[in-house]
Structure formats: structure tokens, C-alpha cells
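# What the coordinates show
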Amino acid sequence: MGELEAKLRLIALASEFCGSYARDPLRPHTGRACFDDLKECERFTSLQQMRDFLDSAPSLDGLTLARYVAKFAIDGSGSPMETYINHAFTLPPRLAGLSMPEPLVNRQLVINDLLGNILMKHSGSLRPDLQWPELRTLVEYLGDEGHASHDARVEDKNRMQDYVSSGYKPFFLMFDDVKSVSALNRTAMMLAHEFAKNGKKFEPYRLQRLFKDEEFAHRQAVLVSRMLPPVTRYS
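Residues numbered from 1 in each chain as written. Predicted model: local features only at pLDDT ≥ 70, side-chain atom pairs only at ≥ 80, totals over all residues. Heavy atoms only, no water.

## Observations regarding the overall build of the chain
Worth spelling out the cut-off: Helix and strand assignments come from DSSP, with helices taken as H or I runs of at least 4 residues and strands as E runs of at least 2, each series counted from the N terminus. The rule is simple: take the accessible area with a 1.4 Å probe, protein chains only, and divide by the maximum for that residue type; under 20% is buried, over 50% is exposed, in between is partly exposed. Two residues qualify as a contact provided that any one of their heavy atoms is within 4.5 Å of a heavy atom in the partner residue. Using a 1.4 Å probe, accessible areas were evaluated by the Shrake-Rupley method; residue-level cover was limited to the displayed protein chains.
Broken down by element type, the chain carries nine helices and six strands. Looking at the chain residue by residue over its 235 residues, the buried ones come to 46%. The contacts of the chain with a sequence gap of at least 6 include a subset with a gap of at least 24, amounting to 66%. By element, 54% of the accessible surface of the chain is carried by carbon and sulfur atoms, the whole surface being about 13000 Å².

This is the structure:
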């Protein structure tokens with residue numbers, strides 16, 4: 001195992017500790033994950049608690065590496081796919097990420113009371129997977145298995161309308177949008193163009209330069225191969 005792969009695995013594990021899901025401990029890359037019930041979060045620890053422990057820990061084997069990994073862990077991620085997408089977008093290029101702005105994760109969307117009265121049943125539970133409030137952009141990942149039914153599609157439709165009514169540009173992603181390096185970069189470029197409309201005007205050009213770096217492309221392939229979770233497709 002190379003150094004990059006080892007660090008990415010540890011970063012994913014640290015994010016899992018701070019999230020609301022648990023991967024199969026015997027088959028973390030291929031096995032099914034378990035998730036907390038709706039509106040419940042039984043995560044192992046919080047990111048702040050993890051960092052506080054590591055900051056105060058005595059000299060231990062691996063402590064320097066653990067502190068380094070904790071700098072990149074995500075607090076409150078809801079699934080392995082959310083963790084993968086978030087890290088792919090935001091990790092620094094030396095760790096195979098695109099160094100895009102860090103989003104808020106599964107946090108309540110802030111809306112005014114007047115707007116809340118016209119939304120479609122979601123005024124109390126608008127918690128997108130990733131959101132950039134200052135850039136008026138958000139991302140939701142629609143898992144193939146959990147969003148296949150008619151009721152789920154209606155829920156997703158209502159949620160999208162609510163996000164638009166709230167003044168956000170929503171990007172609803174599925175597996176095909178992030179399943180490979182090329183798909184991931186296309187999706188990132190869509191986000192970058194939206195960011196450019198809201199103040200980060202050089203973001204598309206920065207990504208284009210990064211995509212041309214052959215060494216970065218090799219690192220990014222490692223990230224996709226090691227972090228992309230398995231997915232159950234439906235017909």
C-alpha cells in the first residue's frame with residue numbers, strides 16, 4: 001500500500017468515526033454500511049472530541065499521523081458516498097482532492113420565516129448533504145436504492161423545489177455523476193461554474209489547470225479507486 005492510499009483510508013475512517021454510519025469492519029470497501037435511524041445520530045465521536053483527545057494525548061505510536069489525518073476529517077457525514085464526494089472536492093491536491101471550498105455538512109438551511117411558509121413540507125428539515133451558503137449552492141446525493149420508489153421521487157421533487165425557492169442552486173447527484181475521475185471532474189466543473197457566478201470567478205480556471213497535471217491525475221485515480229463506495233443498482 002502506498003503512502004497516499006494509507007492516508008486516504010485513515011481520513012475516511014476518521015470521517016466515519018465522526019459520522020452517522022458505520023461500514024462493515026471486515027469489508028469496509030465492499031460491504032454494506034449501516035446507518036442511524038432518521039433524525040438520530042449515534043456517531044462514535046465528534047470531530048472536536050477527536051481533535052481534543054489527540055491534542056492532549058501523550059506520546060503514542062502514530063500520534064503525529066493521527067493528528068494529521070484529523071485535520072481533514074468530516075464532522076457529521078451521513079454516508080460513505082457523502083464522505084467520498086466531500087473529500088474528493090475539498091482535500092488538498094497533495095491528497096488527491098480538488099481543494100474546493102469546504103461545505104457545511106447536513107446542516108439546517110437558514111431561511112426566513114416568510115419563505116418558510118411557502119415551502120413544500122420541508123421548512124423544518126432542509127438539511128442538504130453539502131451546502132455553501134455564501135455561494136448559494138448545495139449538493140444532495142440520491143442513492144440508487146433509497147430513491148427508487150414513487151414516494152421517494154416525489155419527496156426529491158419537493159425538496160428540489162424548496163431549495164430553489166430558498167434561493168439556492170441545487171445539484172442532485174447520482175452514482176454516474178461521481179463513479180470515475182472523469183465523471184467526478186465534470187461534476188466539480190459544474191459546481192465551479194456556479195461558484196463563479198457568486199464570487200469565486202477563477203474557480204473553473206483553477207480546476208482546468210489542475211486537471212492537466214499528470215501527477216495529480218494519478219493521485220486522483222487512487223482516491224476514486226479507494227474511496228468510492230459500492231453501490232446497489234436498481235432496474
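## Notes on the packing of helix α4 (residues 80-90) against helix α7 (residues 181-197)
Test applied: As a rule, the C-alpha atoms of each element are fitted with a line to give its axis, helices using only the stretch in contact, and angles between N-to-C directions run from 0 to 180 degrees. Note on terminology: angles under 35 degrees are roughly parallel, angles over 145 are roughly antiparallel, angles of 65 to 115 are roughly perpendicular, and the others are oblique. The crossing is said to be left-handed when, going from far helix to near helix, the turn is anticlockwise and less than a right angle, and right-handed when the turn is clockwise. When residue character is reported, Ala, Val, Leu, Ile, Met, Phe, Trp, Tyr, Cys and Pro are called nonpolar, Asp, Glu, Lys and Arg charged, and the others, Gly included, polar.
Where α4 meets α7, the axes come as close as 11 Å, and the angle between the chain directions of the two elements is 70°. By the criterion of interaxial angle, the relationship of α4 to α7 is roughly perpendicular. Seen along the crossing, α4 lies across α7 with a hand that is right-handed. Residues Tyr84, Ala88 and Phe89 of α4 form the contact with α7, whose own contacting residues are Leu184, Thr187, Ala188 and Leu191. Each residue belonging to the contact of α4 with α7 can be placed in one class, and the counts come to six nonpolar, one polar and no charged.

## Quick word on the packing of α7 against helix α8 (residues 203-211)
The interhelical angle for the contact between α7 and α8, taken along N-to-C directions, is 155°, at an axis separation of 8 Å. By the angle between their axes, α7 is roughly antiparallel relative to α8. On α8, the residues touching Asn185, Ala188, Met189, Ala192, His193, Phe195 and Ala196 of α7 are Glu203, Pro204, Leu207, Gln208 and Phe211. Here the contact of α7 with α8 is composed, by residue class, of eight nonpolar, three polar and one charged.

## Focus on the packing of aromatic side chains
We apply this condition: Stacked, edge-to-face and tilted labels apply to pairs of Phe, Tyr and Trp rings (six-membered ring for Trp) whose centres lie within 6.5 Å, assigned for plane angles under 30 degrees, over 60, and everything in between, in that order.
Under the criterion given, the structure shown has four aromatic pairs. Centre to centre, the rings of Tyr68 and Phe72 are 5.2 Å apart; their planes meet at 70°, and the pair counts as edge-to-face. By relative accessible area, which is 15% here, Phe72 ends up buried. Measuring from ring centre to ring centre gives 6.2 Å for Tyr163 and Phe172, while their planes differ by 65°; the resulting arrangement is edge-to-face.

## A short note on helix α9 (residues 214-227)
Heads up, the rule is: Any helix carries an expected span of 1.5 Å times its number of residues minus one. As used in this structure description, the phrase polar contact means that two N or O atoms lie within 3.5 Å; if the pair is within protein, one of them must be able to donate a hydrogen and the other to accept it, and residues adjacent in sequence are counted only when both atoms belong to side chains.
Taking 1.5 Å per residue as the helical rise, α9 with its 14 residues ought to reach 20 Å, and the 20 Å between its terminal C-alpha atoms agrees with that figure. All of the buried residues along α9 are Phe216, Gln220, Val222, Leu223, Val224 and Met227. Where α9 is buried, its residues meet α1 (3-17), α4, α7 and α8. Two to three positions downstream of the cap, the backbone nitrogen of Glu215 sits 2.9 Å from a side-chain oxygen, assigning the N-cap of α9 to Asp213.

## Quick look at the sheet that holds strand β3 (residues 104-105)
Condition: Note on pairing: DSSP must find at least two bridges between two strands before they are called paired.
If you trace the four strands from one edge of the open sheet to the other, you get β3-β4-β5-β6, paired in mixed fashion. Each edge of the open sheet is held by one strand with a lone partner, namely β3 and β6 (169-173). Examined bridge by bridge, strand β5 (residues 137-141) and β6 share five bridges and lie parallel to one another. Looking across to β6, one finds that Tyr141 is bridged to Leu173. Against the sheet, α7 contacts β4 (130-132), β5 and β6, and its axis sits at roughly 175° relative to β6.

## Topic: the layout of surface pockets
The condition is simple: Every definition here rests on a 1 Å grid over the protein atoms only: cavities are sets of points where a 1.4 Å probe fits but cannot get out, pockets are open sets enclosed by protein on both sides within 12 Å along at least five of seven lines, and lining residues have some atom within 4 Å of a point. Grid points are joined across faces, edges and corners, and a volume is the space filled by probe spheres set on the points.
Counted as a void, the second largest pocket has a volume near 230 Å³. Lining of the second largest pocket is provided by 14 residues; of these, Ala14, Phe17, Met50, Leu54 and Ala66 occupy positions nearest its centre.

## So, the nonpolar core
What counts here: Put simply, buried Ala, Val, Leu, Ile, Met, Phe, Trp, Tyr and Cys residues joined by side-chain atoms within 4.5 Å make one nonpolar core.
Counting residues in hydrophobic clusters, the biggest one holds 51 residues, and the most contacted among them are Tyr84, Ile85, Met100 and Leu223. Here this core gets six residues from one element, more than from any other, and that element is α7. Apart from residues lying up to four places away in sequence, Leu223 is in contact with Leu8, Tyr84, His87, Ala88, Leu91, Leu95, Ala96, Gly97 and Leu228. Core analysis: the second largest hydrophobic core is formed by seven residues, Leu126, Leu138, Leu142 and Tyr168 among them.

## Digging into the side chain of Ser46
With respect to the helices, strands and loops of the structure, Ser46 is situated in the loop between β2 (34-35) and α2 (47-56). The contact partners of Ser46, leaving out residues within four places of it in the chain, are Cys18 and Asp75.

## Some points on α7
Along an α-helix, residues three or four positions apart point the same way, because every turn accommodates 3.6 residues. In this model α7 runs 25 Å from its N-terminal to its C-terminal C-alpha over 17 residues, within 8% of the 24 Å that 1.5 Å per residue would give. Taken together, the buried positions of α7 are occupied by Ala183, Leu184, Asn185, Thr187, Ala188, Met189, Leu191, Ala192, Glu194 and Phe195. Here the buried face of α7 lies against α4, β4, β5, β6, α8 and α9. Within two residues after α7, Gly199 carries a phi angle of roughly 125°, on the positive side.

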